[in-house]
Structures are given as C-alpha cells and as structure tokens.
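Chain by chain, the residues run as shown.
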Amino acid sequence: MSLITVGTMAFDAIETPFGKVDKIVGGSATYVAYAASNFVKPVQQISIIGYDFPEEEIAELKKRGVVIDGVEVVPDKKSFFWSGRYHIDMNSRDTLITDLNVLEDFNPIVPDSYQGSEFLMLGNLMPKLQLSVINQLKVRPKLIVMDTMNFWMDIALDDLKEVLKKVDVLLVNDGEARQLSGEVSLVKAARKIIAMGPKFLIIKKGEHGALLFHENHVFFAPALPLEEVFDPTGAGDTFAGGFIGHLAKTKDISFENMKTAIIVGSAMASFCVEKFGPERMKEITKEDINERIAEFVRLVNFDIDLV
Ligand code: AMP
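Residues numbered from 1 in each chain as written. Predicted model: local features only at pLDDT ≥ 70, side-chain atom pairs only at ≥ 80, totals over all residues. Heavy atoms only, no water.

Go over the site of the ligand, please, and point to the residues and values.
Inspection of the region around the ligand gives 20 residues, with Asp 12, Gly 27, Arg 93, Gly 234 and Asp 237 positioned closest. Separating an oxygen atom of the ligand from a backbone N or O atom of Gly 236 is a distance of 3.0 Å. Elements that contribute at least two residues to the shell around the ligand include exactly strand S2 (10-16), helix H1 (28-36), strand S6 (80-86), helix H4 (150-155) and helix H8 (235-250). Counting residues per element, the shell around the ligand draws most heavily on H8, at 3 residues. Its residues assigned to classes, the shell around the ligand shows 9 nonpolar, 8 polar and 3 charged. (Near = heavy atom within 4 Å. Polar contact = N/O pair within 3.5 Å; in protein donor to acceptor, adjacent residues only side chain to side chain. Helix = DSSP H or I, 4+ residues; strand = E, 2+ residues; numbered from the N terminus. Nonpolar A, V, L, I, M, F, W, Y, C, P; charged D, E, K, R; others polar.)

Give a description of the environment of Phe 255 that names residues and reports values.
Along the chain, the position of Phe 255 falls in helix H9 (residues 255-272). For the pair Phe 255 and Val 218, spaced 37 residues apart in sequence, the C-alpha to C-alpha distance is 9.8 Å. Non-local contacts of Phe 255, meaning those with residues more than four positions away in its chain, are made with Phe 200, Leu 212, His 214, His 217, Val 218 and Phe 219. (Contact = heavy atoms within 4.5 Å.)

How would you summarise the sheet that holds strand S9 (residues 143-147) if you had to cite specific residues and measurements?
Taken in spatial order, the 9 strands make up an open sheet running S5-S4-S1-S8-S9-S10-S11-S12-S13, and their pairing is mixed. The strands lining the two open edges of the sheet, one partner per strand, are strand S5 (66-73) and strand S13 (217-221). Strand-to-strand twist of the sheet, defined as the mean angle between neighbouring strand axes without regard to direction, takes the value 15°. Here strand S4 (residues 43-49) runs beside S5; their pairing, made up of 6 bridges, is parallel. Along S5, the bridge assignment pairs Ser 47 with Val 71. With respect to the sheet, H1 is in contact with strand S1 (3-6), S4, S5 and strand S8 (119-122), its orientation differing from that of S4 by roughly 160°. (Pairing = 2+ DSSP bridges. Axes fitted to C-alpha atoms, helices over the stretch in contact; angles between N-to-C directions.)

I'd like a rundown of the side chain of Glu 176, residues and numbers included.
Looking at where Glu 176 falls in the secondary structure, it is placed in helix H6 (residues 174-181). Summary of buried charges: Glu 176 has no salt-bridge partner, and the nearest side chain of opposite charge, Lys 204, is 5.4 Å away. Here Asn 150 takes part through its backbone nitrogen, which lies 3.3 Å from a polar atom of the side chain of Glu 176. (Buried < 20%, exposed > 50% of the residue type's maximum accessible area, 1.4 Å probe, protein only. Lys, Arg positive; Asp, Glu negative; His and termini not counted. Salt bridge = Lys/Arg side-chain N within 4 Å of Asp/Glu carboxyl O.)

Please provide a residue-by-residue account of the packing of H9 against helix H11 (residues 286-300), values included.
Closest axis-to-axis distance for the H9/H11 pair is 9 Å, and the angle between their directions is 115°. Here H9 runs over H11; the crossing is right-handed. Residues Ile 263, Val 264, Ser 266, Ala 267, Met 268, Ser 270 and Phe 271 of H9 lie in contact with H11, whose contacting residues are Asp 288, Ile 289, Arg 292, Ile 293 and Phe 296. Here the residues of the contact of H9 with H11 sort into 8 nonpolar, 2 polar and 2 charged. (Left-handed = near helix turned anticlockwise from the far one by under 90°.)

Please set out a nonpolar patch on the surface residue by residue, giving values where relevant.
On the surface, Phe 302, Ile 304 and Leu 306 cluster together into a nonpolar patch covering about 420 Å² of accessible area. Note on placement: Phe 302 falls in the segment after H11. (Patch = residues over 30% accessible without salt bridge, like charges linked within 9 Å, V, L, I, M, F, W, Y side chains within 5 Å. Areas by Shrake-Rupley, 256 points an atom, 1.4 Å probe, with all protein chains shown as cover.)

Give me the nonpolar core: which residues, what numbers.
Among soluble globular proteins, nonpolar side chains are generally buried collectively. Core analysis: the biggest nonpolar cluster contains 58 residues, and Ile 202 and Phe 243 have the highest contact counts within it. Examining the composition of this core, we find that 11 residues originate from one element, H9, more than from any other. Here Ile 202 is in contact with Val 169, Leu 170, Leu 171, Val 172, Ala 210, Leu 211, Leu 212, Phe 239, Phe 243 and Ile 262, once residues within four sequence places are set aside. Membership of the second largest hydrophobic core comes to 47 residues, among which are Phe 80, Leu 129, Val 172 and Leu 186. (Core = buried A, V, L, I, M, F, W, Y, C linked by side-chain atoms within 4.5 Å.)

If you want it as structure tokens, here you go:
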C-alpha cells in the first residue's frame, strides 16, 4: 500500500520554555514521513529542498522506506526556514519568521512512479500547491487528508477553500477551526467546515487531545498526560503521519477505523514532543509504539456499574 506525502522539508529555529535551538531539521513533510513510515512503505515524498538540507537526513528517511524521487533539490537556494516561540503552556506559539526560500517558486511535479497511490497526505503547504498535486493524479486516491495552518488562512484563504472542496479529511487545531469558520463553538465550527467540503474533520487541541467530526458523530481522543513536553514542533504533522499511516496499513477508511487512527496519531505525536525536532522519531521502535498505544487504551478504559 503506498502513500504520497506532500509538504515542507525545512530548517526550524525553536524556542520553548525549556530551551532553544537555532537550526534544526523540520518541515511538515519530514515529520509526516518519519511517522507514517512506521506503518506503510513506500512513503512517496513530494517536497523541495535547497543546497543546505543535510544529506544524512535524506539517508535516514530513505532507510525508513521514504522515496524521494519527488523531492526537488535547488542547488543555489536555501531550504524553507521557520522560526517559532512557544508560550509557557506549550499549547500555543508565535511564528517569528517564515522564510519561503525554495518554496517561492516551487512547482511540485508528481513522478510517474507515484501514480496510482491510494492514499494522499497533503501536509501543510501553500494551498495552490496542494491543489496542483491533486490535479496531477490520474486516478483519485481512495483517501485525501489535508493539513493546513493559520498562515495560509491569512494569506491564501480563497485557494485554501478550493482545496477543501477536494479533500476527504481536514486536520486543523482549535484556533484554526475558529478562524476558518468564524465560530467560537467547535461544534458549530465543525458543521460549517464540513459544509466547505471535507467529510471528516479533526480538530487538534494540543495537550487536550483531538476531536473527530463526521456527519452527526463526534469522537474524542485524549492526549497522553506526559511528565515532560520538550518541544511540540511537528506534533501536528506527526499526528497526521500516524493517522494516515494506520489507515493506509489497514486499508479501511471507515469512521470506526478513523477512531483507531486518531489514537495511533496521538501516540506518535506523544513521542515527537519528547525531544527537539524529529530526533525522538528516529529512535522509536515498533515495540515502543505498541506499548504507547496500549497506554492510550489503559488511559480511556473504565468499567461502570449503573445502579
Ligand atoms: P506543526 O508543529 O505540526 O504545526 O509543524 C511544524 C512544522 O511545520 C515545522 O517543522 C515547520 O518547518 C513547518 N511549517 C511552519 N510553517 C509552515 C508553513 N507556513 N507551511 C509549511 N510548513 C510550515
């Protein structure tokens, strides 16, 4: 079962209450690939990098079954750069710098070898480019999942609304759901966003878990209460990678299976935040993942005797 992933491969500068890094590998597609490759191979990556993106990182990704035929290398430009500072609660952050660099004239090309893929993960990227990838696919994938962020809502809302008409699942955080819908209530926001196109909506609430909306149904998955959250960067993308990775592995896109996929995504995200950048994602094993998923099951499992 193959999966196409689209998004940024980047450098990040991150400041959290616990530390600071000036230059670390990041990017939406990087995190998605690290997470999804635990469940499905090949992960067919579409992105763009500059001369400065580390070869060792590409080698790490390849080792995990990530195919990079769709990753363009621009020899005379820098990779995308993003910098953010987290607030004390680590649930919210301010973007300090977004340097598009190579992204400025990115025109993603879907390699022929990627055609026929059944799952498409549109990671956070310019909506116009997300749309271009959908339009290049000769056969519509079985499931298209889209991630986005407030940055694109601010500067490319019309394009974003066009993509929304073509996707099955949208992932946003609570603030973004409110911005997109103009509603404070997340239930009302969900109804409005689903009317824009996606049949399923996932609203991520950081350490407060995630909600899955579909028709009149809603499902809630908690986040694992962790003693230490070191760096939340990439948690959303890692969640997305685990979510679509599980769906692609099981080939089941029902609402019931999406509930499990949300737990898998939450488990993957819980690893991501334990270290700066994607470092923790490189260390974890199948056993670690299974144990973490079992922890989630224990967290929400209870008996009740009604009198
Ligand atoms: P997350 O914490 O899951 O929202 O993702 C953080 C990652 O998204 C970082 O590694 C950034 O490099 C990347 N990123 C930040 N801003 C953007 C943007 N506007 N478009 C695409 N990727 C971005």
